[in-house]
Each structure stands twice: as structure tokens, then as C-alpha cells.
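Survey of secondary and tertiary structure
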Amino acid sequence: AGGGGILGMFLSAVLVDTIGWRWLFALPIALVIVSAVMSIRSVPNTHEPSEHGFDFVGAIISMAVVVGLIVFLHEGPEQGWAAPITLGGLIVGVGSAVAFIAWELRHPAPLLDIRLFGKRSLTSGSVTILVWFGVQAGVFIVLYPFFQAVLGWSGLLATVGLMPMALLMMTSSGLAPMLAKRIGMRLTMASGMLFGGTGLALMAMLVSVDGGYLSVLPGMITMGLGMGLSMTPSTEAITSSLPRDRQGVASALNDVTREFGTALGVALLGAVFTTGYASAIAGNLEGVPAEAAELARKGIAGAQAIADSSEPYAPALFRSAQEAFVQGWQQAMWAGVVVMALLLVYVLLRGPERTEISNGEQKNAA
């Protein structure tokens, strides 16, 4: 999976650099078509009989939960936290979550049995993956613009710049099971969170426009180590807590928490970054024409477009945008540190127990 993700990153970078960013949306379509054809030709047609039909109501309500909460987090910084669309998203998200729990507890064949979260291993593993993928997504949405807009790199070079973090994550993922056997899953997950929080703090403290790539490399390396150490045992905690006949539920839960965490991370840390950038650049727009100031206020890409012009204020404006980007980055990374610290405390207190994992493994083996 890691190799496939890296290949996808390079393909996306090549498309952006050679054809245009719009072709990024064509790549997933092509991959889906190829996957569908291969699945039809290679995957056997199996069917597991069930006494109950699919939980369509639960599926619809769960989608409303995700959409409502993401709209709330996305629109809050842009429209205001008291804006109708923001409050509407919050009401839909929270209300749907309550309705989903109530429905699933009463359904004879629920889409997701809420009672399963009584298992510490399942709950802590799911929360860890949710938070980690959220933090990772939040880091990526500022790393790529930092490489391209602040440092002036191409999309392909920016992808190469991410490789130390990706390769260390893959390496530490392989070491995590061996470490978990020695010190247990809980402490292995916690050590990964400690590395991750330290990496975020390093990126917040060291990043600078003049420092360039080397100012973020130590944080990327440290965070990559932490990601591998936490994610592998977290997935194992989910799958090992359920018997063999419920591994489909475990796999689906693992995937859903990843995707939901990514969406929430982009929304939350992206909101912190956007707010920090807008606040930092606001004091440097005096004397700049209104149209140019509005472009720069929206994001560093607008300031970069102005920098390509021959306007006398363009170089100073772009430098201000770069500095504002770094300040917004720092605020987002410190927010990530707080989230990671809370997760560390949670896992230390409520992480998977050895006996619980052992019992789950015995059930899976049976």
C-alpha cells in the first residue's frame, strides 16, 4: 500500500508539471476502471448468506454525519462560525450522529455495531488512526505549497522532498510489530505519538523562508518515524479485537477512520493555517492596490501570481506572503502538537491491553 501511494504521488506530480492540475481528477477515474476490470477477471464471485438486508438507512445517516461535520469545519473559517451554513453543518452533523447511534443500537444487523467500541483495543486503534491520518493530511496540505510556492519547486521535486518522511514511515512500520512484542501495543503506539508530536513541534520551531528545505527536514524525519510506529499496531489492535467472521467489519472500520480522519484533518488544520495566514498578511497590505491585496489575502498562490508581474510592490508583497505562510504553518503545526498530546494521554490511559489482544488473536485463530 505504501509503494502504491508513493507511485500515485509521483504520477500526480508528473501530471501537474507536464499537462495541468485538472488531469489529477482523470487519474483516479483511470485507476478505478483498471481496478474494476482486474477485479471482474480475477476475484472469485462469492456470496455470504444473511438473514437481514443491508442497512441502507444507517449508510445514509452516516453520510449525513460526515458531510455535516466537514461542512462545519470547512465553512467556519471562511464564512464565520455563526454563519447559517456553518451552524447548519454542525446541526446536521451532530444530529445525524445521535440518530446514527440510536438507529444502529436498534437495528438487528447494523452497519456498525456501536457496542463493539466497548473494546479498548478497537476504540483506541480507531481513534489513533483517525487522528494520525488527520494530522498527516494537515501536514501535507501545507508541505506541498511550502515546497512549490515558498521554495519555488516543481511538483515532481516537491514529491521527492517528501520521500524521507515516506520511506522512514515504511521502515518504522516494519519495525513496529517487533517492538510491540517487546513492550506491548500500547507503549509502541504511544512512542509513535511522542515522535509525531516532536516532529510537528520541530517543524513549527525551525521552519523559515530562508532556511528552506533543511528547516523542515528534521521534523519530517521524526514525524515519519512516529507515523509508522503508531499506525501499524493501531491497525493490528482493530483487527485482533474481533473474531475471524467479523474481519470484514474490522477492515471497513479501519478504512473509514482513515478517510474520515483525512477529511477532518484537512478541514481542521487547514482552517487553522488559513486563519493564521490571513491574520499575518493583513498588516502588510497597506499601500497595495485593493485588487492585488485581495488576491494576496486569499492565499500565497495569489501573491505568487502578482510576483510574476512588473509592479513595483510585487517583490515585497510576495515576501510578506511567504512570511505569512510560515506563520500560518506554525500555528497549524502547534495545533497538531496539541492534538497529538491529547491522543498520547488517551492511549496511555485507554490503550489496548495485552489480555484483550491475546483473546482477540485466539478468536481469530479459531
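A brief look at the structure comes next.

Conventions adopted
- Residues numbered from 1 in each chain as written.
- Predicted model: local features only at pLDDT ≥ 70, side-chain atom pairs only at ≥ 80, totals over all residues.
- Heavy atoms only, no water.
- Helix = DSSP H or I, 4+ residues; strand = E, 2+ residues; numbered from the N terminus.
- Rg over C-alpha atoms; globule rule 2.2 N^0.38 Å.
- Buried < 20%, exposed > 50% of the residue type's maximum accessible area, 1.4 Å probe, protein only.
- Contact = heavy atoms within 4.5 Å.
- Areas by Shrake-Rupley, 256 points an atom, 1.4 Å probe, with all protein chains shown as cover.
- Lys, Arg positive; Asp, Glu negative; His and termini not counted.
- Charge placed at Lys NZ, Arg CZ, Asp CG, Glu CD.
- Patch = residues over 30% accessible without salt bridge, like charges linked within 9 Å, V, L, I, M, F, W, Y side chains within 5 Å.
- Salt bridge = Lys/Arg side-chain N within 4 Å of Asp/Glu carboxyl O.
- Polar contact = N/O pair within 3.5 Å; in protein donor to acceptor, adjacent residues only side chain to side chain.
- Phe/Tyr/Trp six-rings, centres within 6.5 Å; stacked < 30°, edge-to-face > 60°.
- Expected span 1.5 Å × (residues − 1).
- Axes fitted to C-alpha atoms, helices over the stretch in contact; angles between N-to-C directions.
- Parallel < 35°, antiparallel > 145°, perpendicular 65-115°, else oblique.
- Nonpolar A, V, L, I, M, F, W, Y, C, P; charged D, E, K, R; others polar.
- Left-handed = near helix turned anticlockwise from the far one by under 90°.

The next point concerns the overall build of the protein. A count of helices and strands for the protein gives 13 helices and zero strands. Computed over the C-alpha atoms, the radius of gyration of the protein is 23 Å, within 12% of the 21 Å expected from 2.2 N^0.38 for a compact globule of 366 residues. A burial count over the protein gives 42% of its 366 residues as buried. Taking the intrachain contacts of the protein between residues at least 6 apart in sequence as the baseline, contacts between residues at least 24 apart amount to 76%. Put simply, the protein shows about 18900 Å² of open surface, and 67% of that area lies on carbon and sulfur atoms. Of the side chains in the protein, 18 bear a positive and 22 a negative charge, and the two mean positions are spaced by 12 Å.

Turning next to a nonpolar patch on the surface. Where nonpolar side chains cluster on the molecular surface, the patch consists of V14, L156, L157 and V160 and spans about 280 Å² of accessible area. Note on placement: L156 falls in helix α6 (residues 155-183). When its relative accessible area of 35% is taken as the criterion, L156 is described as partly exposed.

Across all of its chains, the model carries four salt bridges by this definition. Salt-bridge contacts for D113 lead to R115; the nearest nitrogen and oxygen are separated by 3.3 Å. R319 is the salt-bridge partner of D210, the closest N and O atoms lying 3.3 Å from each other. Residue D210 is found in the loop between α7 (185-206) and α8 (217-240), and its partner R319 is found in helix α12 (residues 314-350); the two are separated by 109 residues along the sequence. Residue class for R319 comes out partly exposed when judged on its relative accessible area of 32%. A network of salt bridges, in which partner residues are shared, links D210, R319 and E323.

Along the chain, T257 falls in helix α9 (residues 247-282). On the basis of relative accessibility, which here comes to 9%, the residue T257 falls in the buried class. A polar side-chain atom of T257 sits 2.8 Å from the main-chain carbonyl oxygen of N254. T257 has contacts with S126, I129 and L130, leaving out every residue within four places of it along the chain.

Take the packing of aromatic side chains next. Scanning the model with the defined rule gives nine aromatic pairs in all. Through a chain of ring-to-ring contacts, the aromatic side chains of F146, F147, W153, Y213, F273, F325 and W329 assemble into a single cluster.

With 24 residues, α8 extends 35 Å between its outermost C-alpha atoms, agreeing within 8% with the 34 Å of an ideal straight helix rising 1.5 Å per residue. Most of α8 sits inside the fold, with 17 of its 24 residues counted as buried.

What follows covers the packing of helix α5 (residues 120-150) against α12. α12 packs onto α5 with a crossing angle of 170° between their chain directions and a minimal axis gap of 10 Å. Between α5 and α12, the angle is such that the two are roughly antiparallel. Broken down by class, the residue content of the contact of α5 with α12 amounts to 22 nonpolar, four polar and two charged.

Once that is clear, we can look at the environment of H52. Following the sequence through the fold, H52 ends up in the loop between α2 (26-42) and α3 (56-79). Judged by its relative accessible area of 37%, H52 is partly exposed. Counting along the chain gives 50 residues from H52 to A102, while the straight-line C-alpha distance between them is 18 Å. Excluding anything up to four places from it in sequence, H52 contacts P108 and A109.

Here we come to the packing of α6 against α7. Here α6 crosses α7 at 125°, and the two axes come no closer than 7 Å. With respect to α7, the element α6 is oriented oblique. Between α6 and α7 lies a crossing whose hand is right-handed. For the pair α6 and α7, the contacting residues are A176, L179, A180 and I183 in the first and M185, L187, T188 and S191 in the second. Classifying every residue of the contact of α6 with α7 gives six nonpolar, two polar and no charged.

Tracing the sequence through the fold places L162 in helix α6. Separated by 155 residues in sequence, L162 and L317 have C-alpha atoms that sit 28 Å apart. Apart from the residues lying within four places of it in its own chain, the contact partners of L162 are M9, F140, L143, Y144, F147 and M220.

Mapped onto the elements of the fold, T123 is located in helix α5. Residues in contact with T123, not counting those within four places in the same chain, are F117, G118 and Y346.

Worth remembering: the numbers are spatial, not functional.
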